[in-house]
Amino acid sequence: MHLMKTLVQSEQKFVSLTAAAYHQQTRILVSGFSNGAFFLHEMPEFNLIHSLSVAEQHISSLAFNCTGDWLSIACAGLGQLLVWEWQSETYVLKQQGHFNNMNCLTYSPDGQFLITGGDDGKVKVWNMSSGFCFVTFTEHTSSVTAVSCTQNGKVVVSASSDGTVRAFDLKRYRNFKTFTSPKPTQFSSLALDTSGEIICAGGHDSFEIFVWSMQNGRLLEVLSGHEAPIASLSFSPMHSVVVSASWDKTFRIWDVFSGKGSREAVNVVSDALAITFRPDGIELAVSTLNGQITFFEVQDAVQVGSIEGRNDLKSGRRDTDLVSAKLIQKGKAFTSLCYTADGECILAAGQSKCVCIYNVKHQILIKKFEITQNRSFDGVNDYINRRKMTEFGNLALIEERDPDDDEERAVSIALPGVKKGDMASRVYKPEVRVMCIEFSPTGRSWAAATTEGLLVYSLDSNLVFDPLDLETDITTSSIRETLLEKEYSKALMMALKLKEHKLVVEVVENISPDEVRLVISSLSSRYLERFISFLCDQLESSAHLEFYLLWSENLLMIHGQHLKDRSLHMLPLLHNLQRTLVRKRQQLEKICDYNKYMLRYVLSLGDIVRKKAEAKENEDYSDEDKNIFPVDKEMLQIGRAHV
């Protein structure tokens, strides 16, 4: 171990060993260090096989699979998980989550994707069927406070504390528009209208609502009237109004399309923290600081009900609390609200480890979910740990200071209202809380952004994390061997498991058109989603159009009933396939029209040239006739006079 430490510190000083693993059968030792580097050594000779750096932060954990071919690497500081095949030096799996708190989330309209934003300034898009993050946007320079998706599912809009609202294209994966305010503002809330043409963002420090146009990016209007930070915004799904909830103990109804400004201001009993519309747009719910959820009719702004939810939050004790749990509970409230897809129930969560589901009509608690039992978080325990209680009091409240250091004699006092604790302290335990909740448009699942991470609760038992059916016998060489043996169906499914695009193209294009129908009929239904996505890409980019059209036709004919049964999940892919075919047809129509008109032009030009040639020939013949039979003008005049 001393030799290994010397080897690492020869390149960089102050490096320590953070993780290690040993595979007994292959006699391979892997060691990870605090600088993100790891070494593979063959034992007992201690021969260096590989040295690689995967991150700038320390490696938290290392592990081999049973055969010793694959190595998994985890970096807790970055939230990164890697699976590396050390023999071929290739990545089998590479995923990275938010390495700071997750602040907000939203579903795509079809429920296939989940978009999240975090304190690390990243916006991530997750595939709900596989559990993988497939695209990350890193343009924000500060924490992302709100995200929203347009109704067509093509654009994601995010608001950030860096003073920008950004629009991202989910087809080309780029930031195509950036919206800013006339003066620097930290945006804390965001709302989109149903058409996706109007963007509203609320300021945390300016107490104003900014309205932009999605098409030209212009600032249309600045709505003023609130006297405190704007906590939440929500657009009506049916009417042309947007509502804003603020800490000034009011929520306001704005008519942004008519340009009349605030239509009405409604007072509530305490600071408003969250607001949301029912899916039919007739009713809205407001969460306030006193722990209540109040329901209002939108048309007349009349209160129609309320729920007292403070006792349902079930607040836990922090290690440094000086008061009882009952007094702590009085300061808790719901900070996120969401109606179910049918509007009969509402989800509420906030400064607690519990998520509550209430029936709106009867205003009763239906069910309560505890998101974690992780004791490493603050606020999980219902009672203070008696092991920490001494004759001098709670050990967590006793500060260890050096009496000789004047700077450490001052007692640091935490500021009131701090949400995430004092992260500058030597011992920091994050407090358990739910930052945002969202119900799926399908009504089958809901998701929560918590201190524990992204949690998804679903009625579907098949919604589990499936890392692409990874198997050690599926490699590039084994797929090519299977293809040479003409086991086309097996080779195609192995290539789809490995998810190497070039390899799938190689397998598909080595299958003759006569074998397409047989291969499609033996293709398992679990790979249809991946194969349809592959066909969409190839129809868009490949020159073998007729060949891939043959694959598409046979797939739809043979697996049509299965696609119909799973239309809810397959509809986005089928729409994508349809759009690709329509786009390709339009391109071919343009080419055919161009060729048709060009041929007509060439033929017309040929007719013109031919007619000119014939006219010239006729002129030449008439000139020859004149030379053969000359006409005397005097004789012609005598003839005319005689007549």
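Predicted model, so just to flag it, every value in this text is computed and none were measured.

Draft legend 1. Spatial organisation of the pairing of strand β17 (residues 187-192). Most of β17 sits inside the fold, with six of its six residues counted as buried. Sheet analysis places β17 next to strand β18 (residues 198-203), joined by five bridges and oriented antiparallel. Counterpart to A191 in the pairing with β18 is C200. Here β17 hands over to β18 after five residues, with G196 in that stretch at a positive phi of 80°.

Draft legend 2. Expanded view of the nonpolar core. Of all hydrophobic cores here, the largest spans 37 residues; its most connected members are L492, V508, F531, Y548 and W551. Apart from the residues lying within four places of it in its own chain, the contact partners of V508 are L492, F531, F534, F547, Y548 and W551. Among the nonpolar cores identified, the runner-up in size contains 18 residues, and F38, F64, I73 and L78 belong to it.

Draft legend 3. The sheet that holds strand β27 (residues 292-297), seen in detail. Here we have four strands laid out as an open sheet, ordered β25-β26-β27-β28, and antiparallel in their pairing. This sheet does not close on itself; its edge strands, each paired only once, are β25 (272-277) and β28 (302-308). Taken over all neighbouring pairs, the strand axes of this sheet differ in orientation by 20° on average, direction set aside. With five bridges joining them, β25 and strand β26 (residues 283-288) adopt antiparallel strand pairing. If you follow A272 over to β26, its bridge partner there is T288.

Draft legend 4. Quick look at the packing of aromatic side chains. Tallied over the full model, the rule gives 19 aromatic pairs. Ring centres of W446 and Y457 lie 4.4 Å apart, and the angle between their planes is 10°; this geometry places the pair in the stacked category. Taken as a pair, W446 in strand β36 (residues 445-450) and Y457 in strand β37 (residues 453-458) lie far apart in primary sequence, eleven residues in all. We classify W446 as buried; its relative accessible area is 5%. Owing to a relative accessible area of 23%, Y457 belongs among the partly exposed residues under this scheme. Ring centres of F534 and Y548 lie 6.2 Å apart, and the angle between their planes is 70°; on these two criteria the pair is classed as edge-to-face. Separated by 14 residues along the polypeptide, F534 in helix α7 (residues 528-541) and Y548 in helix α8 (residues 545-558) bring together distant segments of the chain. Just as F534 is buried, Y548 falls in that class too.

Draft legend 5. Representation of the pairing of β28 in the model. Pairing between β27 and β28: six bridges, direction antiparallel. Within β28, the position partnered with T294 by the bridge is S306. Between β27 and the antiparallel strand that follows it, β28, lie four residues; A301 among them carries a positive phi value of about 55°.

Draft legend 6. Structural context of the sheet that holds strand β13 (residues 144-149). Here four strands make up an open sheet; going across it, the order is β13-β14-β15-β16 and the pairing antiparallel. The sheet is open, and its two edges are formed by β13 and β16 (174-180), each paired on a single side. Pairwise comparison of adjacent strand axes, ignoring direction, gives a mean angle of 20° for this sheet. Note: strand β15 (residues 164-169) against β16, six bridges, orientation antiparallel. Of the residues in β16, the one forming a bridge with T164 is T180.

Parameters and conventions
Residues numbered from 1 in each chain as written. Predicted model: local features only at pLDDT ≥ 70, side-chain atom pairs only at ≥ 80, totals over all residues. Heavy atoms only, no water. Buried < 20%, exposed > 50% of the residue type's maximum accessible area, 1.4 Å probe, protein only. Helix = DSSP H or I, 4+ residues; strand = E, 2+ residues; numbered from the N terminus. Pairing = 2+ DSSP bridges. Core = buried A, V, L, I, M, F, W, Y, C linked by side-chain atoms within 4.5 Å. Contact = heavy atoms within 4.5 Å. Axes fitted to C-alpha atoms, helices over the stretch in contact; angles between N-to-C directions. Phe/Tyr/Trp six-rings, centres within 6.5 Å; stacked < 30°, edge-to-face > 60°.

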